[in-house]
Amino acid sequence: MYHAEISCRAAWDRSRVIVKRSGFFPLTAVVLILAIWEMACRGLAIPDFILPAPSRILSVAIFQAPLLLPHAGITALEILLGIALSLLVAVPLATIMFAHTSIEQALSPFLVVSQAIPVFALAPLLVIWLGYGIASKVLMAAIIIFFPITVSLLEGYKNCGTEYVVLFRLMGAGFWDTLRLLYWPWALPFFFAGLKVGVTVATIGAVIGEWVGAQKGLGYLMIQANARLSVDLVFAAILWLSLMGLSMWVFVGFLERRIIHWK
Amino acid sequence: MFYEGTTVVLKVSNLKKSFDNLTVFDGFSMTVPRGGFTALVGPSGCGKSTFFDVLTGVVSMDNGEISWLGETLPHVGQKAAYMQQKDLLLPWLSLIDNALLPTKVSKGNRNSREKALFLFERLGLSGFEQYTPHKVSGGMKQRCALVRTLMFEHELVLLDEPLSALDAITRRSLQSVLLLLQSEFKKTILMITHDVEEALLLADEVLVLTAFPMHVKEQFALEWPKPRRSDETELMKIKEHVLDELQGESGNGCITLRFPAVPRGIGAESS
């Protein structure tokens, strides 16, 4: 009897672990929210131009794909180029700040201030300076992404174990050898943490840039649809943007697991 | 026999180191004979590791003199290979790449890989070259750290409690590896330990240290042939005596002081 109780308990514990690991709870929460939303729209007969039901948004997102796809392609390109540009700036900047404490002290206030300025305030200026094309949106995305990457990478460098640094010093390693063999691999998990945050917020920069002035892109499409009260199309564009952000987050996670094999 | 016992390779005279108002040692002196195995035994936190930090230049001394084969130097960091209590293997590198780190940093010769492979075989690591550290046991990691230490090609090897984190069985097998360093690889060894038995089994000379300010309380020359057995009557007597001495020291003032501040950035390595 006692053994049966123990095995029952063990089976219950195992099932709880499986449920936790399988993402059962988040999925349930999402389904629950969508179900309430759907029922509210249908039950209260809310018109589509106020709040479309999830089923309506999904059908627009799927059946309007030929319309959404070219705009999504432009936004994706802006985001990817923004990520590339931010990496080109953030990695050397964090490294130089780490290599020279005086540069870190000089630049830190500017970094913080750059985040205190709302991106919305910069968007019109960037459109004036760089035009209605892709460049202003790429720069908007890059401005948003580069901060978490720079700060995370710098923190990663600083987090390196003192005993390891001493070991390298005793080996006669110079700064650049230590950077290549110790600091950079040590900081990689921090770098990926920053990159994950960066790619998820990258869509904000690109879309804000498109709102202010563009001829293509999901942000542009949203403004156009909003003016025509096609709220379902606005939501469909948001859904596509979310899926793009999620895909990039998953891809960075995949890269992280492949590269940081020792974690 | 490589152990000449008379040629002094390292001489430390009147060494002083203090942090703020705390004097870790003042007037500390000792010598290390070429090819010898010298063990420093003292209560935990008495300043042994700080002494090694001063020797290797990780922290600077306040006063005193360090001489290497008669030549006065600020430290012997470039003359000694230093193995710490932790293995300090880089988790992203395989065992063989970890062992080859000193040669990667110093752009070592082409034969260094052959040497590392030979040492892997000699220290029982053959077949595990491509394993990453988290896939092998603590004992194997320490062996790999020892191989890395030997790749430095320095005559003096400083060992800071290299086996203290290991279980008794692994420790015993690695004690014989440490003896190999002296007998086969002709290294001069200076080892910190608070395991009295380990010191008596391995060393040619044992220095018993006081709590801080640290100084040499007693010094023994052990002329028994190696490998030794821990149940030898004379050794057991010495062990009891040393333990009594250390017991008197414990609680007299011990503190943990490790790498207070290591400067970073370009040029910091030479500061």
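Note that the structure is predicted; figures quoted are calculated from it, not measured.

A. Region of interest: the overall build of chain A. Within chain A one finds eleven helices and zero strands. In sequence order, the secondary structure elements of chain A are arranged as α-α-α-α-α-α-α-α-α-α-α. By the compact-globule yardstick of 18 Å for 263 residues, chain A is too spread out, its C-alpha radius of gyration being 24 Å. Looking at the 263 residues of chain A, the share that counts as buried comes to 41%. Sequence-distant contacts in chain A: of pairs separated by 6 or more residues, those separated by 24 or more amount to 72%.

B. Spotlight on helix H10 (residues 218-227) of chain A. Residue and element names in this part refer to chain A. When H10 is considered as a whole, its buried residues turn out to be Leu218, Gly219, Leu221, Met222 and Ala225. Looking straight down H10, one finds its buried side chains confined to an arc of 155 degrees; they lie on one side. Looking at the buried positions of H10, the neighbouring elements they touch are helix H4 (65-99), helix H9 (175-212) and helix H11 (231-259). One or two positions beyond H10, positive phi appears at Leu229, with a value near 60 degrees.

C. Spatial organisation of the domain arrangement of chain A. Its domain assignment divides chain A into domain 1 (2-43) and domain 2 (57-259). Of note, the centres of domain 1 of chain A and domain 2 of chain A, computed from C-alpha atoms alone, are 34 Å apart.

D. Main features of the environment of Ala99(A). Residue and element names in this part refer to chain A. Mapped onto the elements, Ala99 comes out in helix H4. Here Ala99 falls in the buried class, since its relative accessible area comes to 5%. Spatially, the C-alpha atoms of Ala99 and Ala29 are 46 Å apart, while their sequence positions differ by 70 residues.

E. Examining the sheet that holds strand E5 (residues 71-73) of chain B more closely. All names here are of chain B. In spatial order, the strands read E2-E1-E4-E5; together these four strands make up an open sheet with antiparallel pairing. Each edge of the sheet is formed by a strand with only one pairing partner; in this case those strands are strand E2 (22-33) and E5. Within the sheet, the average angular offset between the axes of one strand and its neighbour, ignoring direction, is 25 degrees. Taken together, the nine bridges between strand E1 (residues 8-19) and E2 define a ladder with antiparallel strand orientation. Its bridge partner being in E2, Lys17 is matched across the sheet by Phe25.

F. Summary view of the interface of chain A and chain B. In this complex, chain A contributes 30 residues to the contact, which on the side of chain B involves 29 residues. Carbon and sulfur atoms make up 67% of the area that chain A and chain B hide from each other, which totals about 2,800 Å². With a shortest N-O distance of 3.0 Å, Lys86(B) and Glu163(A) are connected by a salt bridge. One can count two residue pairs in polar contact (both at pLDDT 80 or more) joining chain A with chain B.

G. Expanded view of the packing of aromatic side chains. Following the criterion strictly, the structure yields 18 aromatic pairs over all chains and no others. A ring pair is formed by Trp262(A) and Trp92(B), whose centres lie 5.4 Å apart and whose planes are at 55 degrees; its orientation type is tilted. One end of the pair, Trp262(A), is in the segment after H11; the other, Trp92(B), is in the loop between strand E6 (80-83) and helix H2 (95-99), on a second chain. An identical accessibility class is assigned to Trp262(A) and Trp92(B); each is buried. Measuring from ring centre to ring centre gives 6.1 Å for Phe51(B) and Phe52(B), while their planes differ by 45 degrees; the resulting arrangement is tilted. Given a relative accessible area of 0%, Phe51(B) falls into the buried group. Among the aromatic residues, those joined into a ring-pair cluster are Phe98(A), Tyr157(A), Phe175(A), Trp176(A) and Tyr183(A). In this arrangement the basic side chain of Lys196(A) is found over the ring face of Trp249(A), its NZ or CZ atom lying 5.0 Å from the centre. Just above the ring of Phe19(B) sits the side chain of Lys17(B); from NZ or CZ to the centre is 4.9 Å.

H. Quick peek at the pairing of strand E10 (residues 216-221) of chain B. Residue and element names in this part refer to chain B. Examined bridge by bridge, strand E9 (residues 205-209) and E10 share five bridges and lie antiparallel to one another. Looking across to E10, one finds that Leu209 is bridged to Val216. Counting the residues in the hairpin turn of E9 and E10 gives six residues.

I. Focus on the pairing of strand E4 (residues 63-68) of chain B. Residues and elements named next belong to chain B. Pairing analysis gives five bridges linking E1 to E4, with the strands arranged antiparallel. Directly across from Lys11, in E4, lies its bridge partner Ser67. Across three bridges, the pairing between E4 and E5 is antiparallel. Within E5, the position partnered with Ile66 by the bridge is Leu73.

Thresholds applied
- Residues numbered from 1 in each chain as written.
- Chains lettered and ligands numbered in written order.
- Predicted model: local features only at pLDDT ≥ 70, side-chain atom pairs only at ≥ 80, totals over all residues.
- Heavy atoms only, no water.
- Helix = DSSP H or I, 4+ residues; strand = E, 2+ residues; numbered from the N terminus.
- Rg over C-alpha atoms; globule rule 2.2 N^0.38 Å.
- Buried < 20%, exposed > 50% of the residue type's maximum accessible area, 1.4 Å probe, protein only.
- Contact = heavy atoms within 4.5 Å.
- Arc of directions from axis to C-beta.
- Domains from an automatic or database assignment.
- Pairing = 2+ DSSP bridges.
- Axes fitted to C-alpha atoms, helices over the stretch in contact; angles between N-to-C directions.
- Buried area = accessible area lost by both parts, 1.4 Å probe.
- Salt bridge = Lys/Arg side-chain N within 4 Å of Asp/Glu carboxyl O.
- Polar contact = N/O pair within 3.5 Å; in protein donor to acceptor, adjacent residues only side chain to side chain.
- Phe/Tyr/Trp six-rings, centres within 6.5 Å; stacked < 30°, edge-to-face > 60°.
- Lys NZ or Arg CZ within 6 Å of the ring centre and 35° of its normal.

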